[in-house]
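# Inside the fold
So you can see what is in the structure, the chains are spelled out below.
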Amino acid sequence: MIRLLLVFEGEVQKELTLSKGQGVNIGRKSTNEIVIDNATVSGKHAEVQCLEKGILLTDLDSKNGTFVNRTRIHDAYWLQKGDVVAIGKHQIVVPKDQKDRSEPVELDSDTDKTIILDTRNYNSAAKKKAAEQSESVGARDAMEGILYFIAGGNGEVRLDRNIVQIGKDGGNDIEVKGWAVGATAFTIARRPDGYYLNYIKSLAKPRVNNKKVKSSVKLNNFDRIKLGGTVLEFHCKASHPYSIGKSG
């Protein structure tokens, strides 16, 4: 379990606790768990995942970038205790002492210089998010994602957790053989609006419908995912006949 702090102008705005297999999305859209309502922030800006091997931050091709300790990152980055993630004037802090909830937060003032973020709409965005929360959660829970093996395995894998890991390491949910396959090549994350494939690290890039994925892509029904000698077909359907929303 990890603890994250959302900080603005040196003040802690929100505290998040994530268990293994959980993740949070950060961006301008109200469907994100952390909402920063400003035009300089992308709709889906970044994602933080709590994985078995650590805390993974992924920039989702944001226009203005995601910064860790004042350095812009590209694609995925493994966070360490004490790291400060900057998106505009907002920071996401990984406290050094995860057990001490009273520790002060020390921030480098230079992180403000990258993006000038007007946060006047922050509270209204939070209210909007709260109003939509029950609907988005209902739609997410109504989804049931399944991966069917076409090659490189047998049967199916139900995406019944928020994050599923795929790669060469035997500790992944799906193990893929191949010399160029990364230890954890990519993950599939369940978000309020569907399932997303997030590239992490691998010489052999995952392909969706034969197109290389180097960041993040939303999966649609019948998409084919290929990595090494493994081919998977993605299906998403309503988990019961009275589910909210549409599949796919």
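What you are looking at is a predicted structure, and each value in this text was computed from that prediction instead of being measured. (Residues numbered from 1 in each chain as written. Predicted model: local features only at pLDDT ≥ 70, side-chain atom pairs only at ≥ 80, totals over all residues. Heavy atoms only, no water.)

## Examining the pattern of salt bridges
Convention followed: Take a side-chain nitrogen of Lys or Arg and a carboxyl oxygen of Asp or Glu: if they are within 4 Å of each other, that pair is a salt bridge. Helix and strand assignments come from DSSP, with helices taken as H or I runs of at least 4 residues and strands as E runs of at least 2, each series counted from the N terminus. Think of it in three bands: residues with accessible area under 20% of the maximum for their type are buried, residues over 50% are exposed, and the middle band is partly exposed, with areas taken using a 1.4 Å probe on protein chains only.
The final tally for this structure, using the stated rule, is 6 salt bridges. Among the ionic pairs, Arg158 bridges to Glu144, the shortest N-O distance being 2.2 Å. Of this pair, Arg158 sits in strand E13 (residues 156–159) while Glu144 sits in strand E12 (residues 143–151), and the two are 14 residues apart along the sequence. Arg158 gets classed as partly exposed once you look at its relative accessible area, which sits at 39%. For Glu233, the salt bridge goes to Arg224, with nearest N and O atoms at 2.9 Å. Each of Glu144, Glu156 and Arg158 takes part in a single network of salt bridges with overlapping partners.

## Section: the nonpolar core
We count it as follows: As used in this record, nonpolar core signifies buried Ala, Val, Leu, Ile, Met, Phe, Trp, Tyr and Cys residues forming a set joined through side-chain atoms within 4.5 Å. We call two residues in contact when some of their heavy atoms are within 4.5 Å.
Among the nonpolar cores identified, the biggest contains 24 residues, and Leu147, Ile174, Phe186, Ile188 and Ile225 are the most heavily contacted of them. Of all the secondary-structure elements, those providing two or more residues to this core are E12, E13, strand E14 (163–167), strand E16 (186–191), strand E17 (194–199), strand E21 (224–227) and strand E22 (230–238). If near-sequence neighbours (up to four positions away) are discounted, Phe186 is found in contact with Val164, Gln165, Ile166, Leu197, Asn198, Tyr199, Ile200, Pro206, Ile225 and Leu227. One finds Leu4, Ile26, Val41 and Leu79 within the second-largest nonpolar core, a separate group that totals 22 residues.

## Overview of the sheet that holds E14
For clarity, the threshold we go by: At least two DSSP bridges between two strands are required for those strands to pair.
Taking strand neighbours across the sheet as the criterion, the 5 strands line up as E15-E14-E16-E17-E20 in an open arrangement whose pairing is mixed. The open sheet has two edge strands, strand E15 (174–175) and strand E20 (216–218), and neither has a second partner. Relative to E17, E16 runs antiparallel, the two being bridged by 6 bridges. Bridge pairing links Ala189 to Tyr196 in E17.

## Looking at the confidence of the model for the protein
For any part of a model where pLDDT is low, the fine detail of the predicted coordinates should not be relied upon. For clarity, the cut-off: pLDDT is defined as a per-residue confidence score from the predictor, taking values between 0 and 100.
This prediction gives the protein a mean pLDDT of 78; 77% of its residues lie at or above 70. Across the protein, E21 holds the top mean pLDDT of 97, while helix H1 (residues 122–142) sits lowest at 48. Low pLDDT, under 50, characterises residues 100–123; the stretch is placed with 48 contacts to residues that sit more than four places away or in other chains. Here residues 133–140 is a poorly scored stretch, pLDDT under 50, and it has 7 contacts once near neighbours within four places are set aside; other chains count.

## Focus: the environment of Lys237
Mapped onto the fold, Lys237 is located in strand E22. Linking Lys237 and Glu144, residues 93 residues apart in sequence, is a C-alpha distance of 5.4 Å.

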